[in-house]
Each structure stands twice: as structure tokens, then as C-alpha cells.
Amino acid sequence: MPSLGADMDAGTLVEWLVHEGDTVRRGDPMAVIDTDKSAIEVESFDEGVVESFLVEPGTRVAVGTPLARLTPLGAAAEEAPALSAPPAPGPAAAAASREAARIPAPRRPAGARIGTPPLRHHAAELGVDLTKVVGTGAHGTITRADIDRAAAEAASSGATSATPSAAAPPAPAAPGAPRVSPYARRLAREMGVDLTKVEGSGREGAVRADDVRAAAAGPGPTAEQAPVAEPGAEPRPVAASGSRATIAALMSRAKREIPHYYVAQTVDLTPLVEWLRRTNKERPVSERIVAAAAILKAAALAAREHPELNGFWLDDGFVPGDDVHLGIAVHVRDGALVAPAIHHTADLTLPEVMAALRDLVKRARAGRLRRAEMADPTLTVSDLGDQGVEEVIGVIYAPQVALLGVGRVVERPWAVDQMIGVRPTVRLTLSGDHRATDGAAGARFLNTVDRLLQHPEEL
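The rules we used
- Residues numbered from 1 in each chain as written.
- Predicted model: local features only at pLDDT ≥ 70, side-chain atom pairs only at ≥ 80, totals over all residues.
- Heavy atoms only, no water.
- Phe/Tyr/Trp six-rings, centres within 6.5 Å; stacked < 30°, edge-to-face > 60°.
- Helix = DSSP H or I, 4+ residues; strand = E, 2+ residues; numbered from the N terminus.
- Buried < 20%, exposed > 50% of the residue type's maximum accessible area, 1.4 Å probe, protein only.
- Contact = heavy atoms within 4.5 Å.
- Expected span 1.5 Å × (residues − 1).
- Polar contact = N/O pair within 3.5 Å; in protein donor to acceptor, adjacent residues only side chain to side chain.
- Axes fitted to C-alpha atoms, helices over the stretch in contact; angles between N-to-C directions.
- Parallel < 35°, antiparallel > 145°, perpendicular 65-115°, else oblique.
- Left-handed = near helix turned anticlockwise from the far one by under 90°.
- Nonpolar A, V, L, I, M, F, W, Y, C, P; charged D, E, K, R; others polar.
- Core = buried A, V, L, I, M, F, W, Y, C linked by side-chain atoms within 4.5 Å.
- Pairing = 2+ DSSP bridges.
- 1 Å grid on protein atoms, 1.4 Å probe; cavity = no way out; pocket = protein on both sides within 12 Å on 5 of 7 lines; lining within 4 Å.
- Points joined across faces, edges and corners; volume = space filled by probe spheres on them.

Undergrad: Explain the packing of aromatic side chains residue by residue, including any values.
TA: Enumeration over the complete set of coordinates arrives at 1 aromatic pair. Both rings, one in Trp 16 and one in Phe 53, keep their centres 4.2 Å apart while their planes meet at 20 degrees; by these two values the pair is stacked. One end of the pair, Trp 16, is in strand β1 (residues 10-16); the other, Phe 53, is in strand β5 (residues 48-53), with 37 residues separating them in the sequence.

Right, dumping it as C-alpha cells:
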């Protein structure tokens, strides 16, 4: 069980994305882990063959607990037993074999791979039989596009090609039936929950384990059923649980241990807004850039210029980050807050930052973050402009040493060359760790962000 954040002590294995006997490469998604804040895909640390699972889905274990056992690829080949000659088929089997020989099988190039574990998982979700898909990748390798194309062809022809399962073949889904994760389906059977009456909160309405648990618990008490306190009675506190308890513990620790200082600056965004208006006319709607992406890029470049604010306070000393990995604060389910990272943000172009931001927020809210994205943000940005607030004074995510708060873009009276006009502005606030830096360092950082935003064409 990996540590997916400074505040994580344990996690729940939601589901396995691979099977025993699968070959996995470094970086292949192997499992989905629930961290009380969000469901995160955990990648394989090594290459090998999945020998056995040590933890069942639904089990909560401490960080550091082994989850599965891998056999190295070389060792797996050496230990593979020699194939013995198959027994001679009986008369009935021989007849069936002759009948099957008359049916031409789909042609597949020699050496073609049936698909990596993530692609097999994607195919299972879409009900695509990979043995009937001809890959268009190198050496006949099946790609994600091949799977999507096969699913579209099956849907257009009205045919279904369910992937066979050796354990328990799933019943064909009724038209319009919601997608259900394997673990959620098993949990529903155990809890006696009718999946047709469960509203999914996952991607494209998929039903997840949390939805099943919520349905099993039933609706909360109505206003008529809710206990009414007697007049004069002391109100009793409601204990925090789940993600709220995790956030409470982390923020309490941060405010208790980190001596915060705060510096703020109002930035004129007129050059940025005008530049975005011109350049976005030439972009497709799906690729247009918003001001938030430009502020992120400017913050990343400023962090590179001021590395004392980009890193961690560990063992009574400052450890600089290996690069600028901006953490993006995202509100997800049940009011939880996660801050996954856009890696090497300063090296990305502005369109790449915009695409990464859009993808990260989408996957965070769908519960499909990756382990690496949660492990190493070096500086966090909390942008609540879309919530209508004008200023954000945040609490630092330990062990980081700074957090940048971004408010909404507001039109304010602004003096330029002794002339007053109305200009779009944004309020930026830096929360700093006084053990690592002081207010002067924070002021220089904000000045750099301001300077960069005055020349958006150079971002």
C-alpha cells in the first residue's frame, strides 16, 4: 500500500485491474485505492507476472502493507514447466474440432499482443472480446482506439460480444443499464442492494462501491424523523468521519506546526485577457485557454526563479523539489479536497498546461487519479475563483512550504499613467512557512508572477 499523500496512514483496496498470471510493466495501473479523499489508480512499481494477490478488495490496510506478489519476467520464464503433449481427443471432441475448423478465425499478425492489463480492463468495461479484435498498432498490438472502434461497431450492429470470464460470466446488461465496477457488483450482492435503483457517481454515471454503501444505508432522516433537541439542551457535536476527519487532522497539524505568514498582491490582468481574447479566436472551443491556466504557468515559472518556495520542510530543514510539480486543489466527493500534481509544469506550453488542468480535474472528480500525481506536489495552488470568492488565504499542505491562493477575476477601478479606468484584476495570496522563508521571499515571488502575467505571449 503506497503512501498517496502526507496525510495518508491507510487505504482501502477498491478493486484489482489485473488478474493472476497477467504480465505487467512498470507504470501499468494495477489497482484502485480509496484514500478517504478520492479513488486513485496505483501503478506497478516493477515488471513481472502477477503471482498472487495478498489483499482482497474492500480491505483497509496500513501504508506499507504488501498487496500483491510479482514474479520477475526472467524468473517466470525459467520456472515455466515444459508443455506436455495434449491427450488424444475422443470421438466427440474430434468431431467438434473438425466443425470448428470450418469456421475461419479472425486473422492476427504473428506476435500480436492481446492487450496490456489497462486495455483489457477497458475492453471488459465496454464488453469487447479482445480475441476478436485485430490490432492496428506495431506488430498487430491492440490499441485503445481498436477497442473503442470494436465497441462502436458492436453497438451500431446491435450485437453484443461479452468478454468471457472463467469464474462467473456476467449477465448481459439491459439496454440503458448503468455501468457497475466489479467490486461494487459484488458488494451489492452481499448487501442485498438492487443496482437498478442505485444512482452512480462515477464517470458517465458508473456505479461505484460508495454508491452501493450509501444505498444500503438508506436515506438519511427527514426533517420529521430528525431528533429535535429539547429547549435549553446543550447541542451535541457530530464527529467528523471519512475524508472530513482526514482533512481535519492534516489542517490541524499544519496550523499547529507551521508558522504561517501571508503576503498578497492585486494583479492587473488586462494584457492577459486581451491576449486570450485574440488567440482563442483561432482555437477550437475544446482547446481554448482560460486565465487560470496562465496563472498556473506563471506561478510555475516564478517557483523556478524562487526555488526556496518550491520544496519541503523535512527533518528540521528545507529540501528543494527536483522540479516544479504544481499541486492543484480540487474539490471532489462529499466535500473532500485533493491536490494532485501537474508534473514539470514550468516546462509545459500554455496549451499543454490547459489540457493537463482539464484532464486532472476531470479524473479527480471521476476518482481516477494516479499514484504519482498525489505523491510529490512541490507547491500547491488553490483557485476558488469559480466559487465567486475574491481572495483565498490558504493553509499550507505539509510538508510543502508554500501555497498560492487565487481569487476570481474582478473588474476594479485601476490607475494607469495617472488615468483611472476599469480593468480586470485578480487577488493573489501566498501562504508561506516562516521556517523556510520570510515575507520578503513571498513578495518577490508575487512580483515575479505579476511581471510574467503582463507578457502572456512569453508564457
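Undergrad: Which residues make up helix α8 (residues 270-280), and what values do they have?
TA: Restricting attention to buried positions, one finds in α8 the residues Thr 270, Leu 272, Trp 275, Leu 276, Thr 279 and Asn 280. Residues of α8 that are buried sit in contact with β8 (260-268), α9 (291-305), α10 (350-366), β19 (419-433) and α12 (439-453).

Undergrad: Provide a residue-level description of α10, including the pertinent values.
TA: For α10, with 17 residues, the first-to-last C-alpha span of 24 Å sits near the 24 Å given by 1.5 Å per residue. Among all positions in α10, only Leu 350, Val 353, Met 354, Leu 357, Leu 360, Arg 363, Ala 364 and Ala 366 are buried.

Undergrad: Outline the side chain of Ser 44, listing residues and values.
TA: Within the secondary structure layout, Ser 44 lies in the loop between β4 (39-43) and β5. On the basis of relative accessible area, Ser 44 is assigned to the buried category, the value being 4%. Of the polar contacts made by the side chain of Ser 44, one reaches the backbone oxygen of Asp 46; its length is 2.5 Å. Setting aside residues up to four positions removed in sequence, Ser 44 forms contacts with Val 24, Arg 25, Arg 26, Gly 27, Asp 28, Met 30 and Leu 70.

Undergrad: Just give me the short version of the packing of α9 against α10, but keep the residues and values in it.
TA: Each pair of packed helices can be described by the angle between their axes along with the distance between the axes. One can describe the packing of α9 onto α10 by two numbers: an axis separation of 9 Å at closest approach and a directional angle of 110 degrees. One element, α9, and the other, α10, form an angle in the roughly perpendicular class. Where α9 crosses over α10, the handedness of that crossing is right-handed. Only Leu 350, Val 353, Met 354 and Leu 357 of α10 make contact with α9, whose side of the interface consists of Ala 293, Ala 294, Leu 296 and Lys 297. Classifying every residue of the contact of α9 with α10 gives 7 nonpolar, no polar and 1 charged.

Undergrad: Could you give an account of the nonpolar core, with specific residues and numbers?
TA: Among the nonpolar cores identified, the biggest contains 67 residues, and Leu 326, Leu 428, Phe 445 and Leu 453 are the most heavily contacted of them. Top contributing element to this core by residue count: α9, with 11 residues. Among all residues touching Leu 428, those that are not within four sequence positions of it are Val 263, Ala 264, Gln 265, Val 267, Ile 295, Leu 404, Gly 405, Val 406, Leu 446 and Val 449. In this structure, Ala 254, Ile 258, Ile 396 and Tyr 397 belong to the second largest nonpolar core, which totals 11 residues.

Undergrad: Describe in detail the sheet that holds β1, supporting the description with residues and values.
TA: Pairing is mixed across the open sheet formed by 5 strands, whose spatial order is β6-β1-β3-β4-β15. Strand pairing shows two members of the sheet lacking a second neighbour, β6 (60-62) and β15 (369-370), which therefore form its edges. In terms of strand pairing, strand β3 (residues 29-34) meets β4 through 5 bridges, oriented antiparallel. Of the residues in β4, the one forming a bridge with Pro 29 is Glu 43.

Undergrad: Give a detailed account of the layout of surface pockets, specifying residues and quantitative values.
TA: Reported here for the second largest pocket is a volume of approximately 460 Å³. The wall of the second largest pocket is formed by 24 residues, among which Ala 292, Asp 383, Leu 384, Gly 385 and Asp 386 lie closest to the centre. Going through the elements one at a time, α9, β12 (330-331), α10 and β16 (379-383) are the ones with two or more residues in the lining of the second largest pocket. With 4 residues, the single largest contributor to the lining of the second largest pocket is α9. Split into classes, the residues belonging to the lining of the second largest pocket amount to 15 nonpolar, 5 polar and 4 charged.

Undergrad: Mind laying out the sheet that holds strand β2 (residues 23-24), listing which residues take part and the relevant values?
TA: Within the open sheet, the 3 strands sit side by side as β2-β5-β7. Their pairing is antiparallel. Here the strands that pair on one side only, and so sit at the sheet edges, are β2 and β7 (68-71). Across 2 bridges, β2 lies against β5 in antiparallel orientation. Along β5, the bridge assignment pairs Val 24 with Gly 48.

Geometry only, nothing functional implied.
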